[in-house]
Structures are given as C-alpha cells and as structure tokens.
Amino acid sequence: MSDSNSQRKMTEQELVSYFFDAVNYGHIYNVYQPKMNHVTGRMIGAEALMRMKHPLYGLQMPSDFIPVFEKNDMVFSADLAVCENVCKFLRKCIDEGIPVVPVSVNMSRYDVYNHDYVEQVECIRKEYDIPVEYIHIEITETSAIGGMELMTDVIDKFHELGYKVEMDDFGSGYSSLNVLKDLDVDVIKLDMNFLSGDIGGRGGAIISSIVQMTKWLNTPVVAEGVETNEQADYMKSIGCNYIQGYLYSKPIEEAEFKEKLKKLDHEPVVTENELMHSIKSGRFWDPQSVETLLFNYMAGPAAIFTFKDKKIEFVRVNEKYIREIGMNLTAKEMLGLDLLDSLDEFNSKKLIDALNKAIITEEEVTCEVWRTVCSKICGEEKVLIRSELRMIGRAGDQYLFYAMVRNITAERRRFEALADSEKKFRMASENNNTYAWEYEISTKKMRPCLRCMRDLGVPAVVENYPQPVFDSGLFPMDYYDMYMDWHRQLAQGVEHLETVIPLTAERIPFRVMYTTEFDENGRPLKAYGSATLIVKDEEQK
Ligand code: C2E
Ligand code: CA
Ligand code: CA
C-alpha cells in the first residue's frame with residue numbers, strides 16, 4: 001500500500017490530522033522485542049513497541065510521532081490500541097496452542113493523568129480473556145516526577161488487579177534512587193544506552209551499584225539496549241542475566257515473533273533474591289527511615305554483608321563498626337570490599353566454617369578471627385574480632401548476614417601477658433610449696449620443673465601425660481576420670497582449671513591449677529600446670 005518514493009517523516013500537522021484514521025484503520029501496529037535470559041538462552045518475556053505505517057509516507061517511528069501525540073493528548077488512544085493488539089495476538093496464540101510469554105506495553109506519562117487508563121487496560125484484557133500475568137505495564141521514571149502520588153496510585157491499582165509493573169529507562173532520571181524507594185515496581189529495566197560508553201569505567205561502576213542495590217530491593221533487573229556480547233557478559237558478571245536488545249533480536253513483526261515463541265524455550269522471571277525477608281526493603285535504603293536510624297545509632301558495631309562463593313562483601317556498615325575495627329575507611333568505601341581479603345588462610349577458613357554453621361543451624365554463631373586492617377595511626381595492624389553472626393536471608397547460593405562485632409585484641413593481649421607472667425612464675429617456682437609443669441597439648445608431653453624431678457622422681461619428659469602419674473601412684477585413681485577430662489578440656493581450649501587433689505603417696509592436699517596458652521588464632525598450645533601445697537589456714541576455708 002505504500003509508495004516507497006514518498007516515504008518520509010510526517011510533519012506534526014500531518015500526524016495530528018492523520019491520528020484518528022491511523023487508530024481506526026489499524027495503521028498503528030505492534031512489533032515485539034524478546035527479553036531473554038542470557039544464561040539459559042530462554043525467552044522470559046517481550047515488549048510491545050508501537051509502529052505506524054502511513055499508506056503514503058510509510059513507516060513512522062515512535063520517537064517521531066509519540067511526542068506529537070503526547071502534546072496533543074492523543075497518546076492515550078494509541079497506547080490502548082497497542083494494548084488491544086497485544087491481547088488480540090496473545091488470544092490467537094493461546095487458541096492455537098502456542099506457548100506465550102508476558103508482554104509488556106508502554107504507558108505514556110500522559111496516561112498517568114488519564115484516570116481510567118488502568119480500567120481501560122483491564123477492560124481490554126478481559127474482553128480477550130488473557131490471564132493477567134501475561135500483560136505487564138512499563139512505566140518510566142520520568143512519569144513519576146512531579147506526580148509521585150498519582151503514580152503510586154496507578155501502580156497500586158495495577159497491583160490490585162494482579163498486573164506486574166516494570167520501571168522503564170531506569171537510571172536516566174536524576175532521582176533514580178528516590179524513585180525506586182518510593183515506587184513499588186516488580187521489574188527494573190536498566191537502559192545501557194544511558195550509562196554506556198565505558199562499562200569498564202564509571203558507567204560500569206554505576207551499573208554495578210544499581211544492580212547491587214536492586215538485589216536488596218528484591219527486584220529483578222532487565223538490561224535493555226544490549227547490543228554486544230561484551231555488554232551482556234558484563235551484566236551477567238554483576239548478577240544481571242536478563243537482557244533485551246539487538247544482541248538477541250531487533251523488534252520484530254508479529255508473524256516472526258510468533259515463530260520465535262514456537263521455537264524458543266521460555267521461562268518465568270524469578271526474583272533472584274529472597275534476602276530481605278526480615279528487613280523492609282525500601283526503608284532499609286532510606287537514610288531517614290527508622291531502620292537506618294536504628295542501624296546507625298542504636299545498634300552496636302554492626303555490619304551487613306553477603307556471602308557467596310567464598311566471597312564476603314559488605315553491603316552496609318555503621319560508623320561504630322568502623323571505629324571498633326579501627327579502620328581508616330568511610331562506610332561508603334567499605335561497600336563491596338571482600339572481607340576475606342583481610343584474613344589469612346587459617347582465619348578465612350575459620351570464618352567461612354562459622355558462616356556455614358550459621359546457615360545450617362539458622363542460629364547465631366560466634367567466631368573470632370584475626371584481621372589485618374590499615375589504620376591511620378599504626379599503619380597495618382592485626383586485630384582480633386569477635387563476631388556474632390546471624391543469617392538474615394538467602395537467595396539460591398547467596399546469603400545475607402548481620403554481624404555484631406567486638407574488637408577483643410586488647411583483651412586477648414592482656415590474657416597473653418598474664419599467661420606469660422604465670423608461666424615465668426611457675427617455671428621459676430623452685431620456691432616453697434609449688435610444683436610446676438608444662439603440658440604440650442598436641443603431643444601430650446609433659447615437662448616438669450626441677451623440683452618435680454628432684455623431689456618426686458618425675459622424668460624430664462613424660463609421654464602420654466597424664467596416664468603415667470596414675471600408674472606411678474602420684475595421683476590417686478579416684479581422680480582419674482576427672483583429671484583425664486581436664487586434659488580433654490584443655491585440648492578444646494579451656495582457659496583455666498583449678499581444684500584440690502590429694503597427691504603423693506601420703507595423699508597430701510594440693511591446689512592443682514592449669515592455665516592455657518593460645519596461639520594467635522586462639523588455638524590452645526600449652527597448659528601450665530601447678531600443684532601448691534595447701535597450708536593449714538587455707539584448708540580450713
Ligand atoms: P523504550 O520503551 O525504551 O523502548 C526501547 C527502544 O529501544 C525501542 O525503540 C527499541 O527498538 C530500542 N532498542 C531495542 N534494543 C536496542 C538496542 O540494542 N540498541 C538500541 N540503540 N536501541 C534498542 P523504539 O521502538 O523506537 O521506541 C522508542 C521509544 O518510544 C520507546 O522507548 C518508548 O519510550 C516509546 N514507545 C514505543 N512504543 C510505545 C507505545 O506503545 N506507547 C508509548 N507510550 N510509548 C512507546
Ligand atoms: Ca519500554
Ligand atoms: Ca526503555
């Protein structure tokens with residue numbers, strides 16, 4: 001019907017006077033662009049895009065005619081025509097037994113002001129008897145600017161009727177984050193064209209942090225305008241597998257789209273994260289919310305991080321956390337850092353074991369690890385951090401954790417100093433009434449003090465301690481079970497043991513004590529034992 005010689009862009013005037021004919025004679029038609037899962041290669045949905053073919057001037061593109069229709073209050077009818085085309089098409093497919101996917105239609109920001117847009121869409125859907133899950137509505141961020149309440153209203157109405165709402169062109173506006181926080185959308189469409197250029201540089205960092213954030217909002221992201229494998233792979237690498245763009249397909253005509261539906265496997269969009277089940281998601285990111293205030297000011301030193309594939313990334317830390325650990329970074333600088341980078345192999349394993357235990361038991365798990373931190377004053381420094389870890393959400397193999405921490409370095413050092421002085425004291429105790437010995441936990445070797453050797457005839461090294469002291473009668477058999485159990489406790493890291501035992505052939509009461517020495521990772525190394533003769537007045541106590 002078109003004369004190719006006269007094909008050209010129509011003028012505003014021509015468009016306005018042509019509009020009603022276009023709607024009434026079916027010159028407005030749809031093309032469809034698939035939305036794909038880049039990982040599985042399956043189709044997850046499609047977007048209906050408006051086209052207009054004038055009998056004389058040929059194909060007209062939406063960027064040329066939609067602004068004119070919007071200006072002249074005509075876009076509403078055009079959008080409904082697109083919606084009706086979608087329903088008609090889906091009805092045909094369903095009737096022919098062709099599997100279908102959800103198709104989204106674009107809602108102009110001018111439709112927001114037209115109060116019965118929602119009702120009209122619902123009316124058309126019902127007329128064609130299309131299940132509501134097959135129609136999605138795309139709204140743009142810019143529709144909300146200046147009319148947040150109207151927008152929220154429209155979204156609520158769609159939700160009440162069971163429609164999914166997608167946020168189109170996310171990232172293009174000035175207040176993306178605020179919009180996201182306030183509008184309850186089901187899918188976010190991130191336009192690569194707005195942010196592209198260098199996915200390796202700033203653009204990439206912005207995209208990655210947007211994707212990171214949308215995860216905590218529990219909202220799937222579709223990257224649009226993806227033209228190259230490089231872009232698609234980058235999106236995949238930051239955890240966004242849903243893709244729409246020329247890489248997979250240009251917008252195609254109905255017949256071709258129908259063939260694709262027949263050929264390609266489909267799959268539903270899934271919310272990748274069910275992580276935020278215990279935190280109200282929108283409020284979590286709102287700097288003014290009660291949740292944020294609690295986290296920042298009421299909680300002790302705390303961090304929220306994700307755990308996946310032996311990677312631990314901070315999502316949020318409060319000021320107290322940074323101070324407690326003694327770090328030199330701002331909360332913002334910490335986001336995305338891998339905690340395991342500050343741990344050596346032993347401590348990494350220890351922490352990962354604790355996280356896995358917290359996952360399995362769903363209970364709070366305590367873990368102490370040595371971390372290397374850079375502090376302003378001391379440069380690189382080792383700190384011992386005790387964390388109470390609790391899993392607060394999961395999605396597939398990704399877990400969200402809440403950690404309350406305490407820096408126990410000073411405590412541990414004090415204890416070490418104490419153990420050290422005790423050791424010196426005991427080993428030097430050739431004095432009065434004390435016998436002392438050193439017990440090596442891993443080898444069960446005991447080395448006595450000179451006095452033990454001289455007075456009691458204990459050899460310089462006793463293997464398989466404490467069995468021999470019962471064999472020789474130095475310790476009474478009544479205490480066998482108890483004393484054997486002590487040595488098991490020492491191996492498990494008990495810090496101090498103390499009781500009265502009657503020793504030697506004469507069964508004289510001695511106060512027997514152990515103090516354990518640990519390595520820097522908290523593993524028990526040695527225990528220093530002593531037996532002190534109880535003087536009469538102590539005995540009476
Ligand atoms: P949009 O909703 O963001 O649609 C995506 C646009 O990006 C489409 O342009 C699509 O053809 C194009 N595109 C898809 N993949 C790629 C890619 O890999 N690279 C590049 N550079 N572009 C890609 P189109 O069809 O020209 O539509 C332009 C805009 O017109 C749409 O942007 C939407 O805002 C508006 N529009 C289209 N159909 C409708 C409609 O039915 N109603 C309303 N209100 N607006 C519509
Ligand atoms: Ca769109
Ligand atoms: Ca878009």
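Residues numbered from 1 in each chain as written. Chains lettered and ligands numbered in written order. Predicted model: local features only at pLDDT ≥ 70, side-chain atom pairs only at ≥ 80, totals over all residues. Heavy atoms only, no water.

With that out of the way, let us pick up unusual backbone geometry. In this model, Y465 is joined to P466 through a cis peptide bond whose omega is 5°. Phi at D129 is positive, roughly 55°, even though this residue is not glycine. Locating D129 in the fold gives a position in the loop between helix 5 (117-128) and strand 5 (135-140). Assessed through its relative accessible area of 56%, D129 is described here as exposed. Here R507, not a glycine, exhibits a phi torsion of approximately 55°, which is positive. (Helix = DSSP H or I, 4+ residues; strand = E, 2+ residues; numbered from the N terminus. Buried < 20%, exposed > 50% of the residue type's maximum accessible area, 1.4 Å probe, protein only.)

Turning next to the site of ligand 1. Neighbouring ligand 1 are 22 residues, the closest being Q33, R51, D79, E227 and Y246. Contact distances for ligand 1 include 3.0 Å between an oxygen atom and a side-chain N or O atom of D168. Between ligand 1 and the protein, one listed contact pairs an oxygen atom with a side-chain N or O atom of D169 at 3.3 Å. Starting from 790 Å² of accessible surface for ligand 1 in isolation, the protein chains cover 81%. Taken together, the elements giving at least two residues each to the shell around ligand 1 come down to strand 2 (43-54), helix 2 (62-71), helix 3 (75-95) and strand 6 (164-170). The leading source of residues in the shell around ligand 1 is strand 2, at four residues. The residue makeup of the shell around ligand 1, split by class, is nine nonpolar, six polar and seven charged. (Near = heavy atom within 4 Å. Polar contact = N/O pair within 3.5 Å; in protein donor to acceptor, adjacent residues only side chain to side chain. Areas by Shrake-Rupley, 256 points an atom, 1.4 Å probe, with all protein chains shown as cover. Nonpolar A, V, L, I, M, F, W, Y, C, P; charged D, E, K, R; others polar.)

What follows is about the coordination of the calcium ion (ligand 3). Within the protein, D168 (OD), D169 (OD), E224 (OE) and E224 (OE) serve as the donor atoms for the calcium ion (ligand 3), at 2.2 to 2.7 Å. In this model, the calcium ion (ligand 3) sits 4.0 Å from the calcium ion (ligand 2), the two metals being bridged by D168. Taken together, the residues span a long stretch of sequence, with D169 in strand 6 and E224 in strand 8 (residues 221-224) at a distance of 55 residues. Its relative accessible area of 22% is what places D169 among the partly exposed residues. (Donors = N, O, S within 2.8 Å, 3.2 Å for Na, K, Ca; no water.)

Each pair of packed helices can be described by the angle between their axes along with the distance between the axes. Viewed as axis vectors pointing N to C, helix 3 and helix 12 (residues 254-263) meet at an angle of 40°, and their least axial separation amounts to 12 Å. It follows that helix 3 is oblique to helix 12 by the angle criterion. For the element pair helix 3 and helix 12, the recorded crossing hand is right-handed. Contacts between helix 3 and helix 12 involve F89, K92 and C93 from the first element and E254, F257, K258 and L261 from the second. Here the residues of the contact of helix 3 with helix 12 are counted per class, giving four nonpolar, no polar and three charged. (Axes fitted to C-alpha atoms, helices over the stretch in contact; angles between N-to-C directions. Parallel < 35°, antiparallel > 145°, perpendicular 65-115°, else oblique. Left-handed = near helix turned anticlockwise from the far one by under 90°. Contact = heavy atoms within 4.5 Å.)

This part is about the coordination of the calcium ion (ligand 2). Only E47 (OE), N106 (OD1), E138 (OE) and D168 (OD) from the protein reach the calcium ion (ligand 2) as donors, at distances of 2.1 to 2.3 Å. The motif formed by the donor residues of the calcium ion (ligand 2), counted along the single chain, is E-x58-N-x31-E-x29-D.

Moving on: the environment of L339. Structurally, L339 is set in the loop between helix 16 (331-334) and helix 17 (345-361). According to the relative accessible area criterion, L339 is buried, its value standing at 7%. In the structure, L339 is positioned 27 residues away from I312 in sequence and 5.4 Å away in space, judged by C-alpha atoms. If we ignore the near neighbours within four places in the chain, the residues touching L339 are I312, F314, L351 and R371.

What follows is about the packing of helix 5 against helix 7 (residues 148-161). Close contact between helix 5 and helix 7 brings their axes to 10 Å; oriented N to C, the two are set at 25°. In terms of orientation, helix 5 and helix 7 fall into the roughly parallel class. Here helix 5 and helix 7 pass one another in a crossing that is right-handed. Contact with helix 5, carried on its side by Y117, V118, E119, V121 and E122, involves V154, K157, F158 and L161 of helix 7 and no other residues of that element. Of the residues assigned to the contact of helix 5 with helix 7, the class counts are six nonpolar, no polar and three charged.

With 14 residues, helix 7 should reach 20 Å at 1.5 Å per residue; the first-to-last C-alpha distance of 20 Å fits that figure. When we look at burial in helix 7, the residues that qualify are M151, V154, I155 and F158. Buried residues along helix 7 cover an arc of 95° about the axis, so they all sit on one side. For helix 7, the exposed residues lying more than 90 degrees away from the buried face are E149 and E160. Phi turns positive one or two residues past the end of helix 7, at G162, with a value near 100°. (Expected span 1.5 Å × (residues − 1). Arc of directions from axis to C-beta.)

Let us now look at the packing of aromatic side chains. Here the distance between the centres and the angle between the planes together describe a pair of aromatic rings. Counted by the stated rule, this structure contains 24 aromatic pairs. Consider the rings of F158 and Y163, whose centres lie 5.2 Å apart with planes at 75°: the pair is edge-to-face. Judged on exposure class, the residue F158 and its partner Y163 are both buried. An aromatic cluster is defined as three or more aromatic residues linked by ring pairs; in this entry it consists of W437, Y439, Y465, F470, F475, Y480, Y483, W486 and Y514. Between K250 and the ring centre of Y246, over which it is positioned, the NZ or CZ distance is 4.6 Å. Sitting over the face of the ring of Y435, R451 holds its NZ or CZ atom 4.6 Å from the ring centroid. (Phe/Tyr/Trp six-rings, centres within 6.5 Å; stacked < 30°, edge-to-face > 60°. Lys NZ or Arg CZ within 6 Å of the ring centre and 35° of its normal.)

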